[in-house]
Amino acid sequence: MFGWGGHILRIDLSRRRYVVQSLDPSLAQNYIGGRGFAIKTLWDELPPGIDPLSPLNKLILAVGPLTALPIPNSGKLLVAAKSPLTGGYGDGNIGSWLAVHMRRADLDMIIIEGRAEKPTYLYIENKGEEFRVDFNNADDLWGLDSFTTEDRLKKVHGSDVGMVLIGPAGERLVRFATIVAQKGRSGGRPGIGAVMGSKNLKAVVMRGHGDIKVADPMLRKIGVDAIVATKSKPGYPFWMRQGTTSTVEWAQEASVLPTYNYSEGQFDDYEKIGGFSVEKNKITTKSCPQCVMACGHVVKDAENEPAELDYENIAMLGSNLGIGDLAKVAHLNRIADMMGMDTISLGSSLGFAMEASEKGLLKEGIEWGDYKRAVDVAMDIALQRTELGRLLGKGVRAASMELGQEATEFAMHVKGLEISAYDCHAAPGMALAFSTSPIGAHHKDAWLISWEVQRGRFDYTKDKVEKLVEMQNIRGGLFETIVTCRFPWVEVGLELDWYFRLFKAATGMDMNMDILSTINNRIYTLIRAFWVREYGHWDRAYDTPPVKWFKRPLSRGPLKGAKLDYDGYQRMLSWYYELRGWDERGIPRKDTLRRLDLDFVISQLGSKVNLN
Ligand code: PTT
C-alpha cells in the first residue's frame, strides 16, 4: 500500500507497554488519514460517556498520505481526543517535526492510552519495522514552560528529533490547554493539551528513520511544480510580508473584528495592531516544517522578548480586550505559547471576565484594556493559582454557568469551544459555519466570511448553506485527512487539482470532489454521531450561535443596529441538516448512516436517542 506507512503504534502509559499494529487498508480507503483515523478510533475504542480527563481517553497523533512529502507546506500533525472543554470530539492541526519523523518511520498514527504513574516523556525510535519506546522520567521537566522544555529535550536527544509537548497549563488541566511544538506552534484548541496532562505525559519525542514510499516517483516533480506555482501566485509577495495579520485591516473594514467580547465589529486602535504594524515591527518569521508560506510573524513583545503572532491571536488578545498596543498583545501571546494555552480561548475568557466585571458579577474583576491585570489573570489561569484563574480555566461555557443566567448571555462559545476571531452580528453564514464546525466554534472547517461579505451578508439563503458544505468538504475532507496545511489553497489560491494529482501520485488512488464529498460526509456524520453518543441527547440549540449576536445589535460603526435574525438562522440550519442527511434535531438519519457505510453506528446511537 503506497501513501501510507501501514503501521499504528499503540502505547499504554499505565502498563508501560507498546505494540505496533498494521493499518487496516479499508481504514485508509474510507477515512484517508488524520481526522478520519482519529474519529474512527475514538468511536470504536472509547467507552461511551467517559470523563475526557480519565485514563480511558485516548490521545491520537495522526498524519495523512501527503504529510511530510516534498510538496507545499506538508509538515502537519493532527492531534485529537475526546475534549475536556466541550465533551465532544476535539482536534487540532499542528505544525511539527514529529509528523515528519512519524512518516520516516512508516507510522500513520500513534494512539496513547492510560495514565503514567509519574510525570513521563516518551522517546520513540525505529530501525526498519522494529520500534523502541522509552518511558522516561519527566520529574525535572514537570512545571517547566514549553520553550524551556523543548531546549532541555533537545539537549538530551539532539536537535534532529521531532516533538510535541505541553506547558504548565496542560499539566494543570486548563480546559483549553494546547499541545505545543517548535516554541510557538500550538494545536488542539479543545483542550488536547489537558488530555496529555491528565496522562502525566509531558512530551513525545521521536527520531524516525527511513524513506516515505509513494506510488509514482513523479511525485517529487509534481511537488516541486506545486511549490513553484504557489510562489508564483499574485498574492504570494504580500502574504510573505504580513501573513494572516493583514486580516485585522480587512476585518475592521468589514466590521467583523471582534471587539469588547464580540460586542462590536470595529476597534478604534486597529491600525496599531494591524498587518502593517506587524510588518514594520517584524524581526523574523517562523514556520512549520516543509513550509513555503511562513505564517508566524515574530515581533518584540512588551518585555523585549520575541513573540509569534497570527491574526487570531492579535484580534482575541487585542481588540477583543480593548488592548491597542502590538507589543502588549505580543506578550500575552508569548505567555499563551510558553504556558501552552490556546490564544483564542484565552482571549475569549479574558473578554468574558471583563464583561462580567463591568456587570459587577466578579469579586476581583478586570477592566477593559487593563493589560497588566490581563497578564496576571492569564498567569492565574495557566497556573490555576487564584479563584478567578480556576474559574476561567474551565472555559467560558462552564464559567458562565457558575456565574448565573445573566453571564450565559455573553459567554461566547458554541458547544463549549470559544469562537475564533470573527464577529457575526452581520454574518449569518459565518455564524452557521461556527455552529456546525465538528469541534465547536473554530473557523478551520469553513472560513465562509470573506465569501459572504462579498456575496451579500444580510441574506439567509440556501446558496450560503451550500457554499458552507462545499467548504467543509474541502477543508475537513481534504486538508484534515491528507494532513497538510491548507494555506497554499486558501490564502494564495493554489488550485485543488494540484492536491488531487499529488494524492494520486502518493497513493495510486483517484481523488476528486465527488470522492471527497463522500469521505467528508462520512467523517462529519461519524463525528456528529460521536457528539450525540457522548451527550446522550441532541438538540438544535447546540448548533446555534451565542444569544448576544441575536439580542444585542452592534452599537456603532457603519453596520450600527445589525444583529442576527433567529428565524432566518434556523431556516439555514434546517437546510444544512437536509444537505447532510441529518434530521431536524441534527441527528444523522438511519438511511444516511447506511449510505455512508456507517451501519455500525446505528445500534449504539439508537440506544441513546430515537433514530429517524
Ligand atoms: C489553530 C488556532 C489558530 S488558527 C491560531 S492563529 W490561525 C491560534 N494560534 C495560536 C498560537 O500561535 N499560539 C497559541 N498559544 N495558541 C494559538 N491558538 C490558535 O490556534 C497554525 C496555522 C494557522 S495559524 C492556521 S489558521 C491554519 N490552520 C490550519 C488547519 O487548521 N488545518 C490545516 N490543514 N492547515 C492549517 N494551516 C494553518 O496553520 P489548531 P499551528 Mg494550529 C502562536 O492548531 O488547534 O487547529 O488551532 O497549529 O501549527 O500553530 O498552525 O490565523
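Per an unreviewed UniProt entry, the chain is named Tungsten-dependent formaldehyde:ferredoxin oxidoreductase, and its organism is Vulcanisaeta moutnovskia. In its Sequence similarities (unreviewed entry) section, UniProt records this for the chain: "Belongs to the AOR/FOR family."

(A) Region of the structure containing the overall build of the chain. On a plain count of helices and strands, the chain comes out with 27 helices and 17 strands. Taking 612 residues into account, the globule formula puts the C-alpha radius of gyration at 25 Å, and the chain, at 22 Å, falls close to it. Over its C-alpha atoms, taken along the principal directions, the chain stretches across nearly 60 × 55 × 50 Å. Here the chain holds 612 residues, and the buried ones make up 66% of them. Total accessible area on the chain stands at roughly 20,600 Å², and carbon and sulfur atoms take up 48% of it. Looking at the chain, you have 76 positive and 76 negative side-chain charges, and the mean spots of the two groups are 2 Å apart.

(B) Focus on the sheet that holds strand β14 (residues 296–300). Taken in spatial order, the three strands make up an open sheet running β13-β14-β15, and their pairing is antiparallel. Looking at which strands have only one partner, the edges of the open sheet turn out to be β13 (282–286) and β15 (306–309). On average, adjacent strands in this sheet sit at an angle of 35 degrees to one another, irrespective of strand direction. Alignment of β13 against β14, held across four bridges, turns out to be antiparallel.

(C) Geometry of the pairing of strand β5 (residues 89–95). With seven of seven residues buried, β5 is to be regarded as a mostly interior element. Residues Tyr89, Asp91, Asn93 and Gly95 point to one face of β5 and Gly90, Gly92 and Ile94 to the other, with burial holding for every one of them. Taken together, strand β4 (residues 76–82) and the strand that follows it, β5, pair antiparallel across an intervening segment of six residues, in which Gly87 is found at a positive phi of about 80 degrees.

(D) Molecular detail of the sheet that holds β4. On the basis of which strands lie adjacent, the open sheet formed by six strands has the order β2-β1-β6-β3-β4-β5 and mixed pairing. Two strands lie at the open edges of the sheet, namely β2 (17–22) and β5, each paired on one side alone. Each strand axis lies, on average, 15 degrees off the axis of its neighbour in the sheet, ignoring direction. Contacts from helix α3 (residues 97–104) reach β3 (59–62), β4 and β6 (107–113), with the element oriented near 115 degrees to β6.

(E) Expanded view of the site of the ligand. Near the ligand there are 33 residues, and of these Gly95, Gly188, Asp337, Asp342 and Glu480 occur at the shortest range. Backbone polar atom of Met341 to a nitrogen atom of the ligand: 2.7 Å apart, as the coordinates give it. Between Lys444 and the ligand, the recorded distance is 3.5 Å, taken from a side-chain N or O atom to an oxygen atom. Sorting the residues of the shell around the ligand by element identifies β5, β11 (185–187), α11 (311–317), α12 (326–339), α13 (343–358) and α20 (462–483) as the ones contributing at least two each. Element by element, the count of residues in the shell around the ligand is highest for β5, at four residues. Of the residues in the shell around the ligand, the class split is eight nonpolar, 14 polar and 11 charged.

(F) Region of the structure containing α13. Between the first and last C-alpha of α13 there are 22 Å, a value that for 16 residues agrees with the 22 Å anticipated at 1.5 Å per step. For α13, a buried count of 15 out of 16 residues is recorded, marking the element as mostly surrounded by other parts of the structure. Two residues or fewer past α13, Gly360 is found with a positive phi of approximately 75 degrees.

(G) Inspection of the pairing of strand β8 (residues 130–137) at higher detail. Note: strand β7 (residues 120–127) against β8, eight bridges, orientation antiparallel. Looking across to β8, one finds that Tyr121 is bridged to Asn136. Between β7 and the antiparallel strand that follows it, β8, lie two residues; Gly128 among them carries a positive phi value of about 60 degrees.

(H) Seen up close, the packing of α12 against helix α14 (residues 371–383). The contact between α12 and α14 brings their axes to 11 Å, and the two run at 5 degrees. Judged by the angle between their axes, α12 and α14 are roughly parallel. Residues Lys328, His331, Leu332, Ile335 and Met339 of α12 lie in contact with α14, whose contacting residues are Tyr371, Ala374, Val375, Ala378, Met379, Ala382 and Leu383. When grouped by side-chain class, the residues that make up the contact of α12 with α14 number 10 nonpolar, one polar and one charged.

(I) Spatial organisation of the side chain of Glu264. When you line up the elements, Glu264 lands in the loop between α9 (247–253) and α10 (275–281). As a buried residue without a salt bridge, Glu264 has its nearest oppositely charged side chain in Arg556, at a separation of 4.6 Å. Those residues in contact with Glu264 that sit more than four places away from it in its chain are Leu257, Pro258, Thr259, Asp423, Leu554, Ser555 and Arg556.

(J) Representation of the environment of Asn320 within the structure. Structurally, the position occupied by Asn320 is in the loop between α11 and α12. On the basis of relative accessibility, which here comes to 0%, the residue Asn320 falls in the buried class. Along the backbone, Asn320 and Tyr260 are 60 residues apart, and their C-alpha atoms lie at a distance of 4.6 Å. What Asn320 contacts, discounting residues up to four positions off in sequence, is Pro258, Thr259, Tyr260, Asn261, Tyr262, Ala315, Gly347, Ser348, Gly351 and Trp368. Within the structure, the side chain of Asn320 is placed 3.0 Å from the backbone nitrogen of Asn261, a separation counted as a polar contact. From its side chain, Asn320 meets the backbone nitrogen of Tyr262 in a polar contact 3.1 Å long.

(K) Geometry of the packing of aromatic side chains. Taken as a whole and judged by the stated rule, the model has 21 aromatic pairs. Consider the rings of Tyr260 and Trp368, whose centres lie 5.3 Å apart with planes at 80 degrees: the pair is edge-to-face. Placement of Tyr260 in the loop between α9 and α10 and of Trp368 in the loop between α13 and α14 is noted, with a sequence separation of 108 residues between them. A residue is classified by how much of its surface remains accessible, and Trp368, at 24% relative accessible area, is partly exposed. Put simply, the rings of Trp250, Tyr311, Tyr422 and Trp447 touch in pairs and so form one group of aromatic residues. Looking at Lys359, its charged tip hangs above the ring of Phe410, at a distance of 5.2 Å from the centre. The ring of Trp43 has Arg533 lying over it, and the distance from NZ or CZ to the ring centre is 4.3 Å.

Quick notes on the rules
- Residues numbered from 1 in each chain as written.
- Predicted model: local features only at pLDDT ≥ 70, side-chain atom pairs only at ≥ 80, totals over all residues.
- Heavy atoms only, no water.
- UniProt positions renumbered as here; feature names shortened; annotations may be inferred.
- Helix = DSSP H or I, 4+ residues; strand = E, 2+ residues; numbered from the N terminus.
- Rg over C-alpha atoms; globule rule 2.2 N^0.38 Å.
- Buried < 20%, exposed > 50% of the residue type's maximum accessible area, 1.4 Å probe, protein only.
- Areas by Shrake-Rupley, 256 points an atom, 1.4 Å probe, with all protein chains shown as cover.
- Lys, Arg positive; Asp, Glu negative; His and termini not counted.
- Charge placed at Lys NZ, Arg CZ, Asp CG, Glu CD.
- Pairing = 2+ DSSP bridges.
- Axes fitted to C-alpha atoms, helices over the stretch in contact; angles between N-to-C directions.
- Contact = heavy atoms within 4.5 Å.
- Near = heavy atom within 4 Å.
- Polar contact = N/O pair within 3.5 Å; in protein donor to acceptor, adjacent residues only side chain to side chain.
- Nonpolar A, V, L, I, M, F, W, Y, C, P; charged D, E, K, R; others polar.
- Expected span 1.5 Å × (residues − 1).
- Parallel < 35°, antiparallel > 145°, perpendicular 65-115°, else oblique.
- Salt bridge = Lys/Arg side-chain N within 4 Å of Asp/Glu carboxyl O.
- Phe/Tyr/Trp six-rings, centres within 6.5 Å; stacked < 30°, edge-to-face > 60°.
- Lys NZ or Arg CZ within 6 Å of the ring centre and 35° of its normal.

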